[in-house]
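What follows is each chain in one-letter form.
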Amino acid sequence: MEIIKLYLILFGVSIFFQASIVYLFKKKKIFQNIYNLSPQSHQKKSSTPSMGGVGMLLTIGVSFFMFNQSAESQWLIIVVFLFGFIGLLDDGLSLILGKNQGLRTAQKFGIQVLFSVWVLGLYSYQINELSVWEFVLYAFCFTGMSNATNLTDGLDGLLAGSSILTLGGFLCLMLSYQFNSGVTFVVCVMISVISFLFFNRHPALIFMGDTGSLFLGAFFCALSILLGNIWIIIPFCALYILEAVSVIVQVLYFKWSKKRIFLMSPIHHHYELLGLKETTIVLLLWCVQLGFIVYAFSYLI
């Protein structure tokens, strides 16, 4: 019961962080810079604060002092804050420059690769030694998945809600495998995302920003590595992979044919331009994510 009380306290603290950020950013007029090619319905969101991921990171930081941390949890915290730093840097530069983009694509990619190699080196030294091919594969997954969740963060509540489902899937898998190291930390991350969703549900009072979306993808990858099965990231993160693939296919097909497969990518924008309501798209994609996770459990357990 004691740990439940601590979780409830952490949830209250997290709600306080998010509410404070919403109030402060609105007072200081620190708003999201909307991409000018986004659907027209998104332009009205230009007065919505961003960087809600800061509140998530603050919550996770507080949890570090509230609970005992295993070596695995300490490694997960390093992953979260390193990739959160990339997002914070990107969001910060975006605000300073007054543009939708902060870091250039090559800069962001380079830092992601560097941090991926760094955290994998720590993992190999402190927890479990990795082979060369595992190093390469895992670094690719860290970089790719953090970008995939970043691309998914385009509708109110889409990434936050689907991330809760993904974290719930990992949590159930860890408990069923009796893999207790890191369970408490996963719950703490879930608490930070749930409290954020309270403010991010439609109509959103705040956006996650790269600060949150980049670390979530890296965190999912790290959990797969800890569980010793990187391939579970495919069903557990299916939605984010589909979103990223839709962008890759759109770009490659356009370069080849000068035509578009989707009205706009990532694919959630395609459905918007087809006329579906934002809330309908979000619920639909949540169901897609849940379906993949449930299916994965049919052969994982």
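Residues numbered from 1 in each chain as written. Predicted model: local features only at pLDDT ≥ 70, side-chain atom pairs only at ≥ 80, totals over all residues. Heavy atoms only, no water.

Peer 1: Outline the environment of Lys 259, listing residues and values.
Peer 2: Relative to the elements of secondary structure, Lys 259 occurs in the loop between α10 (238-257) and α11 (267-273). Owing to a relative accessible area of 56%, Lys 259 belongs among the exposed residues under this scheme. For Lys 259, the residues in contact, after removing those within four places along its chain, are Tyr 253 and Phe 254. (Helix = DSSP H or I, 4+ residues; strand = E, 2+ residues; numbered from the N terminus. Buried < 20%, exposed > 50% of the residue type's maximum accessible area, 1.4 Å probe, protein only. Contact = heavy atoms within 4.5 Å.)

Peer 1: Describe the packing of aromatic side chains, listing the residues and the values that go with them.
Peer 2: For the structure on display, the rule yields 15 aromatic pairs. For the pair Trp 75 and Phe 142, a centre-to-centre distance of 6.5 Å together with 75° between the ring planes defines the contact as edge-to-face. Here Phe 142 lies in helix α5 (residues 132-152) and Trp 75 lies in helix α3 (residues 71-97), a separation of 67 residues in the sequence. Here the aromatic cluster, defined as three or more aromatic residues joined through ring pairs, consists of Phe 170, Phe 220, Phe 236, Tyr 240 and Phe 297. (Phe/Tyr/Trp six-rings, centres within 6.5 Å; stacked < 30°, edge-to-face > 60°.)

Peer 1: Residue-level account of the pattern of salt bridges, with values.
Peer 2: In this structure the tally under the stated criterion is 2 salt bridges. With its nearest N and O atoms 3.0 Å apart, the salt bridge here joins Asp 90 to Lys 108. Separated by 18 residues along the polypeptide, Asp 90 in helix α3 and Lys 108 in helix α4 (residues 105-126) bring together distant segments of the chain. With a closest N to O distance of 3.2 Å, Lys 108 and Asp 210 form a salt bridge. Linking Lys 108 in helix α4 with Asp 210 in helix α8 (residues 209-226), this pair joins segments that are 102 residues apart in sequence. Summarising the burial analysis for this pair, Lys 108 and Asp 210 share the class buried. A cluster of three or more residues bridged by salt bridges with shared partners is formed by Asp 90, Lys 108 and Asp 210. (Salt bridge = Lys/Arg side-chain N within 4 Å of Asp/Glu carboxyl O.)

Peer 1: Residue-level account of unusual backbone geometry, with values.
Peer 2: Put simply, His 202 and Pro 203 share a cis peptide bond, and its omega is -5°. With respect to the helices, strands and loops of the structure, Pro 203 is situated in the loop between α7 (183-200) and α8. Cis geometry is adopted by the peptide bond preceding Pro 266, which originates at Ser 265 and carries an omega value of 0°. With respect to the helices and strands, Pro 266 occurs in the loop between α10 and α11. Phi at Met 51 is positive, roughly 65°, even though this residue is not glycine.

Peer 1: How would you explain α8 if you had to name every residue and give the values?
Peer 2: With 18 residues, α8 extends 26 Å between its outermost C-alpha atoms, agreeing within 8% with the 26 Å of an ideal straight helix rising 1.5 Å per residue. Where burial is concerned, most of α8 is hidden: 18 out of the 18 residues are buried. (Expected span 1.5 Å × (residues − 1).)

Peer 1: Describe the environment of Ser 70, naming the residues involved and giving the relevant values.
Peer 2: With respect to the helices and strands, the residue Ser 70 is situated in the loop between α2 (53-66) and α3. Using a relative accessible area of 22% as the deciding quantity, one classes Ser 70 as partly exposed. Considered as a pair, Ser 70 and Ser 181 are 111 residues apart in the sequence and their alpha carbons are 6.2 Å apart. If sequence neighbours within four positions are ignored, Ser 70 has contacts with Ser 181 and Gly 182.

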